[in-house]
Number of protein chains: 2
Amino acid sequence: MNQLDLIKNKASSPQAESGKQPAHEQVYQTLRSQILFGELVPGQPVTIQGLTDSLGVGMTPVREAIRRLISDGALVFQGNRRVSVPLLTSDDIEQMIFARISIESELSRLATANLQADDIDHLEHIDKQLDHMIADGDVGGYLRLNQAFHESLYSHANAAILSDLAERLWLRFGPSLRVVCGRFGTQSLPDRHKDIISALRNGDAEKAAKATAQDIEQGMELISESLTSG
Amino acid sequence: MNQLDLIKNKASSPQAESGKQPAHEQVYQTLRSQILFGELVPGQPVTIQGLTDSLGVGMTPVREAIRRLISDGALVFQGNRRVSVPLLTSDDIEQMIFARISIESELSRLATANLQADDIDHLEHIDKQLDHMIADGDVGGYLRLNQAFHESLYSHANAAILSDLAERLWLRFGPSLRVVCGRFGTQSLPDRHKDIISALRNGDAEKAAKATAQDIEQGMELISESLTSG
DNA sequence: CAGTCCAAAATTTGATCATATTGTGATCAC
DNA sequence: GTGATCACAATATGATCAAATTTTGGACTG
């Protein structure tokens, strides 16, 4: 894809460890995945020393990663010096529904014009795998592929700032979404992706935006219901 | 010599125990203000050691503060280990116009119902001072009061997540807005605040949202024009 | 005598710093 | 221009200090 990336990777080939990223970056990415895919439970405390032990790195990289995640809204600072995975209120969900629909609909709208046929094929491929995950009841697989679908779509919008805002919102509800899936199973999960794909193939940006909004609303309402019932 | 001056000037805070905050938090707040109010120039490099020297604290707190600001989008990591104040493209501005209008209009809409008469008086008071700053050509004062106006308004929306998203966007364009003001002077600066206040007094949420959107669009277009002309 | 409550020690966790190591960009010789 | 070398900045660790939580022990009350 990008020539510059290949060149940059080549320069660091001596250490063939697939990436000579600094430790604080690796810690950040690790925690980010764990939060995004619900491997951490809402309310769970996160300690610096616990992470230095389990990840085998020093305190400074862990601290930096935690600060970044707090800034992302993926972790919350508890007033005393404790840090934990956020517990969402239904009011939080309301705000996120609004923000996600505003931003991600626009991302779909922008992406529509830039998508080539094979890009859409790729999205369809992801969605097919997604169906299998839902059928198999594989919650982790669902979360990863659902995220991959949206990220892949939004990446074609060429809108770094809007994508960044969207990513932050995903980090906020990741843990809660996992809980919902664990409670209700994968059957009730939304998948308006077929509608999105069909709109993309027709080059209909408005329809793609609308379908994205519906996909978002269904998923978020599920979390909201889970909160009120629990 | 003046290493603590920047930190100590938080004395305006009503709480006397502002010295109780950890150093990394103070460094973050200091840098945040400097970025938000344009005391740092777009493109300017930011070094860890430079800040440890000038602020008189160790490297760890500085590192944490910088990571947070990178996550905020207020600073950018340059691929190599360099960090600098972001340079915006006109495409960035486009995205920010969209995001700000979406989110901040909603914040105005939500705030309308919650505002008491004396809250609106307070907003009007801020706006009156703002007029003086514009007349005097005080760019720094304009930036601070403009930010205070919007923050004060949005705080009544009781929407932490949306406010957080808005804050991040403000951090991104702060340095560039300062440059614009320096170039064009304060005369051309937008101020639809009178329209906002009048709508708030009438309890007209839609009109408040609309006036907010106009205020945002005018301000951002100014930055955009400055980019293309420069 | 048992249970509760409070205070103070002990333990755990966080915050900061000093220092060693590593990587980057720049300079200078060739 | 190319390549070795040098200076500087960033990264990472462990030590040290401070704060908060938990545990513990004893006294007091019922």
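Nothing here was measured: the structure is a model prediction, and the numbers come from that model. (Residues numbered from 1 in each chain as written. Chains lettered and ligands numbered in written order. Predicted model: local features only at pLDDT ≥ 70, side-chain atom pairs only at ≥ 80, totals over all residues.)

What follows deals with the overall build of chain A. Counting secondary structure elements, chain A contains 10 helices and three strands. When the helices and strands of chain A are listed from N to C terminus, the series reads α-α-β-α-α-β-β-α-α-α-α-α-α. Here the C-alpha radius of gyration of chain A, 19 Å, is about what a compact globule of 230 residues would show, namely 17 Å. Considered along the principal axes of its C-alpha atoms, chain A spans approximately 50 × 50 × 35 Å. Each of the 230 residues in chain A was classed as buried or not, and the buried ones make up 42%. In chain A, once contacts between residues fewer than 6 apart in sequence are set aside, the share between residues at least 24 apart is 76%. (Helix = DSSP H or I, 4+ residues; strand = E, 2+ residues; numbered from the N terminus. Rg over C-alpha atoms; globule rule 2.2 N^0.38 Å. Buried ≥ 20, exposed ≤ 12 C-beta atoms within 10 Å, placed from the backbone. Contact = placed C-beta atoms within 7 Å.)

Okay, the interface of chain A and chain B next. Between chain A and chain B, the residue contacts involve 21 residues of the former and 21 residues of the latter. For the side of chain A that touches chain B, the secondary structure elements donating two or more residues are α4 (59-72), α5 (90-114) and α8 (160-184) of chain A. Considering each element in turn, the side of chain A that touches chain B owes the most residues, eight residues, to α5 of chain A. A breakdown of the residues in the side of chain A that touches chain B according to their chemical character gives eight nonpolar, five polar and eight charged. (Nonpolar A, V, L, I, M, F, W, Y, C, P; charged D, E, K, R; others polar.)

With that settled, consider the protein's contact with DNA strand D. DNA strand D sits among 15 residues. The nearest are P22, A23, G58 and T60 of chain A together with R81 of chain B. Looking at the surface near DNA strand D, the elements that each hand over two or more residues are α2 (23-36) and α4 of chain A together with α3 (48-55) of chain B. With three residues, α4 of chain A is the largest single contributor of residues to the surface near DNA strand D. In terms of residue class, the surface near DNA strand D is built from seven nonpolar, six polar and two charged. (Near = placed C-beta within 6 Å.)

Looking now at the nonpolar core. Within the largest apolar cluster, 123 residues are counted, with the highest numbers of intra-cluster contacts made by L107 and L162 of chain A together with L107 and L162 of chain B. Beyond its immediate stretch of four places on either side in the chain, L107 of chain A contacts Y154, A157, A159, L162, S163 and A166 of chain A. (Core = buried A, V, L, I, M, F, W, Y, C linked by C-beta atoms within 7 Å.)

Let us look at the relation of the copies chain A and chain B. By a simple turn and slide, chain A fits onto chain B: the slide is 0.0 Å along the axis, the RMSD is 0.1 Å, and the turn is 180°. On the angle and the small slide along the axis, the relation comes out as a two-fold axis. The share of interface residues of chain A whose copies in chain B are also at the interface is 100%, consistent with both copies meeting through the same surface. (Least-squares fit on C-alpha atoms with pLDDT ≥ 70 in both.)

As a further point, take helix α4 (residues 59-72) of chain B. Look at α4 of chain B: 20 Å from first C-alpha to last across 14 residues, which is about the 20 Å you get at 1.5 Å a residue. Within the span of α4 of chain B, buried status applies to P61, V62, R63, E64, A65, I66, R67, R68, L69, S71 and D72 of chain B. Buried-residue contacts for α4 of chain B involve α4 of chain A together with α2 (23-36), β1 (45-46), α3, β3 (83-84) and α8 (160-184) of chain B. Just beyond α4 of chain B, the residue with positive phi is G73 of chain B, at close to 85°. (Expected span 1.5 Å × (residues − 1).)

Moving on, we get to the sheet that holds strand β1 (residues 45-46) of chain A. All names here are of chain A. Strand order across the open sheet formed by three strands is β1-β3-β2, with antiparallel pairing between neighbours. Unpaired on one side and paired on the other, β1 and β2 (76-77) mark the two borders of the sheet. Here two bridges tie β2 to strand β3 (residues 83-84), and the two strands are oriented antiparallel to one another. Of the residues in β3, the one forming a bridge with F77 is V83. (Pairing = 2+ DSSP bridges.)

Another aspect to go through is the protein's contact with DNA strand C. What surrounds DNA strand C is a group of 19 residues, the closest being I48 and R81 of chain A together with A23, G58 and N80 of chain B. Secondary-structure elements contributing two or more residues to the surface near DNA strand C are α3 (48-55) and α4 of chain A together with α2 and α4 of chain B. In terms of residue class, the surface near DNA strand C is built from eight nonpolar, seven polar and four charged.

Here we come to the domain arrangement of chain A. Residue and element names in this part refer to chain A. Per the domain assignment, the segments of chain A are domain 1 (19-84) and domain 2 (90-229). If you average the C-alpha positions of domain 1 and of domain 2, the two centres end up 25 Å apart. The partner domain 2 presents 14 residues to the 11 residues of domain 1 that form the contact. The biggest single contributor to the side of domain 1 that touches domain 2 is α2, with three residues. Residues of the side of domain 1 that touches domain 2, tallied by class, amount to seven nonpolar, two polar and two charged. (Domains from an automatic or database assignment.)

In this structure, N158 of chain A takes a positive phi of about 50° despite not being glycine. By the element assignment, N158 of chain A lies in the loop between α7 (139-155) and α8.

One open sheet accounts for three strands, arranged β1-β3-β2 (chain B); its pairing is antiparallel. The open sheet has two free edges, formed respectively by β1 and β2 (76-77) of chain B, since each of these has just one partner strand.

All right, on to the packing of α2 of chain B against α8 of chain B then. All names here are of chain B. Close contact between α2 and α8 brings their axes to 7 Å; oriented N to C, the two are set at 55°. The angle between the axes of α2 and α8 places the two elements in the oblique class. Of α8, the residues touching α2 (which contributes R32, I35 and L36) are W170, L171, G174 and P175. By residue class, the composition of the contact of α2 with α8 is five nonpolar, one polar and one charged. (Axes fitted to C-alpha atoms, helices over the stretch in contact; angles between N-to-C directions. Parallel < 35°, antiparallel > 145°, perpendicular 65-115°, else oblique.)

Residues and elements named next belong to chain B. Direction vectors running N to C along α3 and α4 enclose 120°, while the axes themselves pass 9 Å from each other. Of the possible angle classes, the one that applies to α3 and α4 is oblique. For the pair α3 and α4, the sense of crossing is right-handed. Residue-level contacts link I48, L51, T52 and L55 of α3 to M59, V62, R63 and I66 of α4. Split by residue class, the contact of α3 with α4 holds six nonpolar, one polar and one charged. (Left-handed = near helix turned anticlockwise from the far one by under 90°.)

To continue, consider the environment of F173 of chain B. Residues and elements named next belong to chain B. Relative to the assigned elements, F173 resides in helix α8. Using a count of 24 C-beta atoms within 10 Å as the deciding quantity, one classes F173 as buried. As for F173 and L115, which are separated by 58 residues in sequence, their C-alpha atoms are 28 Å apart. In this view, F173 contacts L88, M96 and I223; residues no more than four positions away in its chain are not counted.

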